[in-house]
There are 2 protein chains.
Amino acid sequence: MKILVQKYGGTSLGSLEKIKAVGEKIRKKNEEGYKILVVLSAMGSATNDLISLAQGITEKPSPREMDMLLATGEQTSISLLTMALIDRGCRAISYTGYQLGIETTALHQNAKIKKIDQEKILAAFEDYEVIVVAGFQGINEQQDYTTLGRGGSDTSAVALACILQARCEIYTDVEGIFTGDPGKLPKARKIENIGYQEMMEMSSLGAGVIHPRAVELAGKYKIPLYVASTFSDQPGTMIEDKEEKMEEAVITGITSSLEDVQITIHQLDPTTDHLYNLFSRLGEENINVDMISQTVVKGDLMNVSFTLPKADRERGRKLIEQWEGVNPHTKMDIMDINEDIAKISVVGLGMRSHSGVAAKVFQTMAENRIPIKMVTTSEISISWVVDSRYEKEVIRRIGEAFSLEEDNGKMDR
Amino acid sequence: MKILVQKYGGTSLGSLEKIKAVGEKIRKKNEEGYKILVVLSAMGSATNDLISLAQGITEKPSPREMDMLLATGEQTSISLLTMALIDRGCRAISYTGYQLGIETTALHQNAKIKKIDQEKILAAFEDYEVIVVAGFQGINEQQDYTTLGRGGSDTSAVALACILQARCEIYTDVEGIFTGDPGKLPKARKIENIGYQEMMEMSSLGAGVIHPRAVELAGKYKIPLYVASTFSDQPGTMIEDKEEKMEEAVITGITSSLEDVQITIHQLDPTTDHLYNLFSRLGEENINVDMISQTVVKGDLMNVSFTLPKADRERGRKLIEQWEGVNPHTKMDIMDINEDIAKISVVGLGMRSHSGVAAKVFQTMAENRIPIKMVTTSEISISWVVDSRYEKEVIRRIGEAFSLEEDNGKMDR
């Protein structure tokens, strides 16, 4: 049995016409001899519409009931696509996460997949050519509906591909992974091949095409992951184990994000464990601190800067105000919150064998007189914060410096 | 444990404001010391909107996938109401039909409830004050989602009340059951008390407030059924075992329906089993033939007239054209289909002990020169067909003749 997993995102399911077109695409692939497990997101803006409904009822909806509500989004899209497939003569059947026994951890709205019933899927493939599964959702030990959090449908698709040892194709509204966001780096190149670790960094750092959890899972089980456009026949990007080559480009891509705020706390006493307490508490509250940097300012005091998602700004601020590290008399003075920042990152396996990437970044920034507010590095990436008004200029300058654009000659000849 | 079952229909859940008001109503009842099992329909026009979506995909949606789609309607309303209840400090939890193990027969879109897991409900009442259950839906032996057909939420509510031996309150947008449709019989009286059998006939014959299957089930298990308005404190109508009293009004109510067509087949040979074949075939196709009357016309031939729902008109016509009882040379001549009919019915337990109801109907019709096109009778009802333009006049005249209106003196004094 040749099995393929395909995942279609919300923009690919934004109208009944698009759902029918997706049905046609799947039918053709089925005719090529593949049994297909299809994983769907909710249609277009359905998930956001459901969240708005809940917010019309209460500011703080019960997480269990929120998952009950959100689960209807994918249930709608799987039933409609399956109707379209059956209408095209395809033997198809839909399953919710609940029906398929996609067991998750208990945590509502951010559950993790624990186990999937492989038997049920293989048994269904005896009778059906296409199985359409609701992504993003599962069932916990209490037999409650759970959801995997934003981007969870990618994770559902990869987890199902792992169970079936199948290739996983993620269809979306862009043609693949690019060296930079084509809206900001107009001549960004499509990447044909990228390694799991590079892709994970790219995703985590703001390349929104595929969820980093999904890439991590695919990497762990060595599942080939292919990202391409739903409604185009252009080849997409293959994510798979990648050998490091000598000729490798130093940098694979550049990403940027305007979704964070930078918080700076001044004049901390480095001899206490206050800082440890603060970050544990932020972690307990599920506030995702991203970049952290720390400098000594004068004498025995230090400054610490970190970024967290804009959405968590207020929760973060309250937590810091209640925190014992804050001088009760000067609370307001010792904390700066800067909203107007852009986080820029360059990613590339090639960094491992090429030194001087950081130097080239600093040089490019200095030459263009763009002040850097904060820097962090990982083995295969460098991220830095600039004032948000410089975002596009930085992308363009770094794109030029690291040759991330299409070869002009090729394009114009 | 004092348990009460309450059902709220789609019009009571037509907006977020209404859902919050329903939440408030339930919270108050809970404070009076009742544990409440709430059964919900889908919000407002949600079910029709989902059907339209499916029809945008294909003219003939797969029934299994249709149930998968429709089940999202109630799942949405239960999660939102439960959020509103929790927000009001009420310990509440929602369950889909699937979760609660509401086992049904296999037939999609018109399943019947077979079994409900009483244990799970009682266990949930240990921890929660209010359990909010999706009406209209269940799960069959294949672990597929099923729906009970139109009006199925009433049946879900009554079935759950039977399991719990609890009183069942049906909340809707009218104040109870009236002697006639107040839109057509403006001075119709609200009925305080009505027996199960009378109510079943009223419901079947077009009084749309409550589904006849639900009334039948309540009668079988002697569950008191109370119908009232969601957003009014006026007393409603109690449906329960009713002793026949000597002073009983002869007629309890009048109903009318414009939802049927009358089909007449001419010149049939009564010595064959063709007619039996025709009605079995209509039955197999789930076309619900309602009134049937048959007359001899000349010599050894007969005419037969029957009514069926307008929605089934085309399916019915095709079936009759293919049927061997039809003379192949004169197909078109021997069948009349009349769409412009109204079916009028009067219902009352009192008919059993009072003769002359039919005579009074015929007399009223004759005095007003309204031709009767067909008549059928049951033990406690008489139904007849007239040209649809006479509908309102018939209701008014019969309402007067059988004193179905408010006592004018009382109203005006």
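Residues numbered from 1 in each chain as written. Chains lettered and ligands numbered in written order. Predicted model: local features only at pLDDT ≥ 70, side-chain atom pairs only at ≥ 80, totals over all residues. Heavy atoms only, no water.

### Notes on the overall build of chain A
Our working definition: Going along the chain from the N terminus, every DSSP run of H or I of four or more residues is numbered as a helix, and every run of E of two or more is numbered as a strand. We compute the radius of gyration from the C-alpha atoms alone; for a globule the expected value is 2.2 Å times N to the 0.38, where N is the number of residues. Only protein chains enter the accessibility calculation, which uses a 1.4 Å probe; a residue is then buried when its area is under 20% of its type maximum, exposed when over 50%, and partly exposed in between. Residues scored as charged are limited to Lys and Arg (positive) and Asp and Glu (negative), so that His and the chain ends carry no count. Each charge is placed at NZ for Lys, CZ for Arg, CG for Asp and CD for Glu.
Counting secondary structure elements, chain A contains 12 helices and 20 strands. Computed over the C-alpha atoms, the radius of gyration of chain A is 23 Å, within 12% of the 22 Å expected from 2.2 N^0.38 for a compact globule of 413 residues. Every one of the 413 residues in chain A was classed for burial, and the buried ones make up 53%. With 47 positive and 60 negative side-chain charges, chain A shows a separation of 3 Å between the mean positions of the two kinds.

### A few points about the relation of the copies chain A and chain B
For clarity, the cut-off: A residue counts toward the fit only if its pLDDT is at least 70 in both copies, and the copies are then superposed by least squares on the C-alpha atoms of those residues. Any two residues whose heavy atoms approach within 4.5 Å are treated as being in contact.
With an RMSD of 0.1 Å, the fit of chain A onto chain B corresponds to turning through 180° and sliding 0.0 Å along the axis. Expressed as a symmetry operation, the mapping of one chain copy onto the other fits a two-fold axis. Distance from the rotation axis, computed per C-alpha, reaches its smallest value in chain A at threonine 72 of chain A: 2.6 Å. Taken together, the interface assignments show that 100% of the residues at the interface of chain A recur at the interface of chain B, consistent with an identical surface on both copies.

### Focus: the UniProt feature "binding site: substrate" (unreviewed entry) in chain A
Residues and elements named next belong to chain A. Using the following cut-off: UniProt positions are given in the numbering used here, feature names are shortened, and annotations may be inferred rather than shown by experiment.
Under the UniProt annotation, the feature "binding site: substrate" (unreviewed entry) is placed at Thr47 and Glu74. Maximum C-alpha separation among the annotated residues is 8.7 Å over a sequence range of 28 residues, consistent with a single clustered spot. Residue position: threonine 47 is located in helix H2 (residues 46-57). Non-local contacts of threonine 47, meaning those with residues more than four positions away in its chain, are made with Ala42, Leu70, Glu74 and Arg150.

### Remarks on the packing of helix H8 (residues 274-284) of chain A against helix H9 (residues 313-322) of chain A
Residues and elements named next belong to chain A. Inclusion rule: A fitted line through C-alpha atoms serves as each axis, taken over the contacting stretch for helices, and the angle formed by two N-to-C directions is quoted from 0 to 180°. Crossing handedness is read from the near helix: turned anticlockwise from the far helix by less than a right angle, it gives a left-handed crossing, and turned clockwise, a right-handed one. Amino acid classes used here: Ala, Val, Leu, Ile, Met, Phe, Trp, Tyr, Cys and Pro are nonpolar; Asp, Glu, Lys and Arg are charged; the rest, including Gly, are polar.
Their axes nearest at 11 Å, the elements H8 and H9 cross at an angle of 145°. The crossing of H8 and H9 is right-handed. In this structure, H8 contributes Leu278, Arg281 and Leu282 to the contact, and H9 contributes Gly316, Leu319, Ile320 and Gln322. A class-by-class count of the residues in the contact of H8 with H9 yields four nonpolar, two polar and one charged.

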